[in-house]
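# An overview of the molecular structure
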Amino acid sequence: MLSTINYWERPGYGLAMVGFAWLWFVSMEWTSVQNWRQGEMTLLADGDSELFIDGKLVPGSAGRFPTVNPATEEVLGTAADADADDMGNAIEAARRAFDDTDWSRDVGLRVQCLRQLCEGMKAHIEELRELTIAEVGAPRMLTAGAQLEGPVDDLRFAADTAESFDWNADLGVASPMGIKTRRTLAREAVGVVGAVTPWNFPHQINLAKVGPALAAGNTLILKPAPDTPWCAAVLGRIIAEHTDFPPGVVNIVTSSDHRIGAQLSTDPRVDMVSFTGSTTTGRTVMTDAAATVKKVFLELGGKSAFIVLDDADLGAACSIAAFTAAMHAGQGCAITTRLVVPRARYDDAVQAAAATMGSLRPGDPTKPGTICGPVISARQRDRVQSYLDLAVTEGGSFACGGGRPEGRDRGFFIEPTVVAGLTNEARVAREEIFGPVLVVIAHDGDNDAVRIANDSPYGLSGTVFSGDDERAVRVASRLRVGTVNVNGGVWYSADVPFGGYKQSGNGREMGVAGFEEYLETKVIATAVK
């Protein structure tokens, strides 16, 4: 079962949970899928992956490095380990493909290739599903959504956007400075894009950069996180076998060395860097890119607030907050990890959140019912544990969880944890933990709830629950964040831009706004005879 709680008897819960329920029931059909290690795996050769540079699958000059299953700690296989020369070759291939071919001007070819990539991934969807569960530790149910199938489908949105986009707009005739002139507004590709991505939702974030960047006419180098190299590397084989992408348009460089990705920020042949990751690393990317004044897109950290107003169904809202914070072991930048509740009902809120959080035991991500799988690595598990230890030092207490689960000697698991007794000034309430940890904070009314939510260096996402939709929307409109859901609404969709305020980054990913991040604007003024 998902939980011992009967969610469906809680008023207002059904709307917010219908998507999760659908994923659950669909996932039950997957129990007959054979584990990828026992089946025929065509995307990887003998458990190894290669670099994809200039249209060819090639070995890494630094050898190979292992990729590990975070649920079992077993080595799954190896990935090609690139060095600086490999990255330099990838950048040169992308530069040449942009400068010397018609890729940036051939919209029809770009649309065709992206649709081929979408269909090629769909043809291997079950292999990709099992690979993702094994390498990411992603719960099986999530692969029907943002962990796999959603991002693959979103490639069609990128292709459709390029096909229908108004690349040249006639601004009409005017007479600036007395000279009769026809003005045309042209939109065109930025050039060579370096995309650096994290490990938590690799397909979602990889494809949210690859799709729009290529649709816009750019060439691209993808540098994925060392923790999940296969999720990116398999794209190279699919592109080679299923698409007509010209050589050099897409390059995929896996490496155990984080410094290899930094070349994309410093190399003058790269016109833009699109980075998703921590705010600390994002600052470094911005600093490095300043030397060549290249365009930078940053999607960074979050410490988002889940606000419950005093007229909301407290039990239902707190249960939703807990469920969300435990999903995929809390490894999502937009997950709401501060539960901000009315002070008069603080104890009830803690109890309701803990009842749900405590029932979502960390489990095997291959099982259809698992909500909370492992965190990605021993390093990340230790980092989360350090914050739990800090919570006690800061005066907090655990309503549930607080450490590693009993009976799990293997795997990088952390118990879903509810922290009570802290104010918004505590480090545990202010810093991004990236684990299944929910901090419950008291508020004294709508204005105070907004103040607490906005009192953060981040501004990525948020949630508001109220018995009155209009009241909830008024509160939502005052939050300094990029996305807000109200009473169970869902903002995640291919056509909706995603990104944050403040230190959560700059620019937007997905939607038409995300597509336009990868474009330059040119004005052509022609004298009228």
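Cut-offs applied
Residues numbered from 1 in each chain as written. Predicted model: local features only at pLDDT ≥ 70, side-chain atom pairs only at ≥ 80, totals over all residues. Heavy atoms only, no water. UniProt positions renumbered as here; feature names shortened; annotations may be inferred. Helix = DSSP H or I, 4+ residues; strand = E, 2+ residues; numbered from the N terminus. Rg over C-alpha atoms; globule rule 2.2 N^0.38 Å. Buried < 20%, exposed > 50% of the residue type's maximum accessible area, 1.4 Å probe, protein only. Contact = heavy atoms within 4.5 Å. Areas by Shrake-Rupley, 256 points an atom, 1.4 Å probe, with all protein chains shown as cover. Lys, Arg positive; Asp, Glu negative; His and termini not counted. Charge placed at Lys NZ, Arg CZ, Asp CG, Glu CD. pLDDT = per-residue confidence, 0-100. Domains from an automatic or database assignment. Buried area = accessible area lost by both parts, 1.4 Å probe. Salt bridge = Lys/Arg side-chain N within 4 Å of Asp/Glu carboxyl O. Polar contact = N/O pair within 3.5 Å; in protein donor to acceptor, adjacent residues only side chain to side chain. Pairing = 2+ DSSP bridges. Axes fitted to C-alpha atoms, helices over the stretch in contact; angles between N-to-C directions. Parallel < 35°, antiparallel > 145°, perpendicular 65-115°, else oblique. Nonpolar A, V, L, I, M, F, W, Y, C, P; charged D, E, K, R; others polar.

An unreviewed UniProt entry annotates the chain as 3-succinoylsemialdehyde-pyridine dehydrogenase of Mycobacteroides franklinii. Annotation of the chain in UniProt includes, under Sequence similarities (unreviewed entry), the sentence "Belongs to the aldehyde dehydrogenase family."

Right, let's talk about the overall build of the chain for a bit. Of regular secondary structure, the chain possesses 16 helices and 23 strands. Its C-alpha atoms give the chain a radius of gyration of 24 Å, within 12% of the compact-globule value 24 Å for 529 residues. For the chain, the C-alpha atoms occupy an extent of roughly 75 × 65 × 40 Å along the three principal directions. Out of the 529 residues in the chain, the part that is buried amounts to 59%. Considering only contacts within the chain whose residues lie at least 6 apart along the sequence, 73% involve residues at least 24 apart. Within the structure as shown, the chain displays about 20,300 Å² of accessible surface, and the carbon and sulfur contribution to it stands at 51%. Across the chain, 48 positive and 66 negative side-chain charges occur, with their mean positions spaced 5 Å apart.

Turning our attention to the confidence of the model for the chain. Across the chain, pLDDT averages 93, with 92% of residues at or above 70. Confidence drops under a pLDDT of 50 for residues 1–40, and excluding neighbours within four residues, the segment shows 69 contacts in the predicted structure.

Quick look at the domain arrangement of the chain now. Taken domain by domain, the chain holds domain 1 (48–300) and domain 2 (305–492). Distance between the C-alpha centres of domain 1 and domain 2: 31 Å. Taken together, the contact between domain 1 and domain 2 spans 27 residues of the former and 28 residues of the latter. Taking both sides of the interface into account, the surface hidden between domain 1 and domain 2 amounts to around 2,200 Å²; carbon and sulfur atoms contribute 61%. Where domain 1 touches domain 2, the interface holds two salt bridges. A salt bridge links Asp227 to Arg379; the shortest N-O distance between them is 3.7 Å. Counting every contact that joins domain 1 to domain 2 gives nine residue pairs in polar contact (both at pLDDT 80 or more). Every element with two or more residues in the side of domain 1 that touches domain 2 is listed here: helix H4 (125–136) and helix H5 (149–164). At three residues, the largest contribution of residues to the side of domain 1 that touches domain 2 is made by H4.

The next thing to look at is the environment of Cys118. Counting through the fold element by element, Cys118 comes out in helix H3 (residues 107–123). Spatially, the C-alpha atom of Cys118 lies 36 Å from that of Ser477, the residues being 359 residues apart in sequence. Setting aside residues no more than four positions away along its own chain, Cys118 makes contact with Val152, Leu155 and Arg156.

To continue, consider the pattern of salt bridges. One pass over the structure, following the stated rule, counts 34 salt bridges. As a salt-bridge pair, Arg343 and Asp444 come within 2.7 Å of each other at their nearest N and O atoms. With Arg343 in the loop between strand S14 (336–342) and helix H11 (346–359) and Asp444 in the loop between strand S17 (437–443) and helix H14 (446–454), this residue pair connects regions lying 101 residues apart in the sequence. For Arg343, a relative accessible area of 47% translates into the label partly exposed. Under the relative-accessibility criterion, Asp444 is labelled exposed at 51%.

The next point concerns unusual backbone geometry. Residue Asp54 is not a glycine yet carries a positive backbone phi of 55 degrees. With respect to the secondary-structure elements, Asp54 resides in the loop between strand S2 (51–53) and strand S3 (56–58). Although it is not a glycine, Lys502 sits at a positive phi angle of roughly 50 degrees. Structurally, Lys502 can be placed in strand S21 (residues 501–502). What makes Lys502 partly exposed here is its relative accessible area of 40%.

All right, on to the sheet that holds S14 then. Read from one edge of the open sheet, seven strands run S15-S16-S17-S14-S13-S19-S20, paired in mixed fashion. Edge strands, defined here as strands with exactly one partner in the open sheet, are strand S15 (397–400) and strand S20 (483–486). On average, adjacent strands in this sheet sit at an angle of 25 degrees to one another, irrespective of strand direction. On the sheet, helix H12 (residues 378–393) packs against S15, strand S16 (417–420) and S17 and is oriented at approximately 115 degrees with respect to S15. Contacts between H14 and the sheet are confined to strand S13 (304–308), S14 and S17, with S17 contributing the most and set at about 140 degrees to the helix.

Relative to the assigned elements, Ile452 resides in helix H14. Judged by relative accessible area, which is 2%, Ile452 ranks as buried. On a C-alpha basis, the gap between Ile452 and Pro436 in space is 21 Å, while along the polypeptide they are 16 residues apart. Among residues more than four places away in sequence, those in contact with Ile452 are Arg338, Val340, Asn424, Ile441, Ala442 and His443.

The next subject is the side chain of Thr463. Along the polypeptide, Thr463 turns up in strand S19 (residues 461–465). For Thr463, a relative accessible area of 4% corresponds to the buried category. Separated by 3.0 Å, the side chains of Thr463 and Asn485 make a polar contact.

This part covers the packing of H3 against helix H6 (residues 202–215). The N-to-C vectors of H3 and H6 enclose an angle of 160 degrees; their axes lie 9 Å apart at closest approach. On the basis of their axis angle, the class for H3 and H6 is roughly antiparallel. Every residue of H6 that contacts H3 at Arg110, Leu114 and Met121 is listed here: His203, Leu207, Gly211, Leu214 and Ala215. When the residues that make up the contact of H3 with H6 are grouped by side-chain class, the tally is five nonpolar, two polar and one charged.

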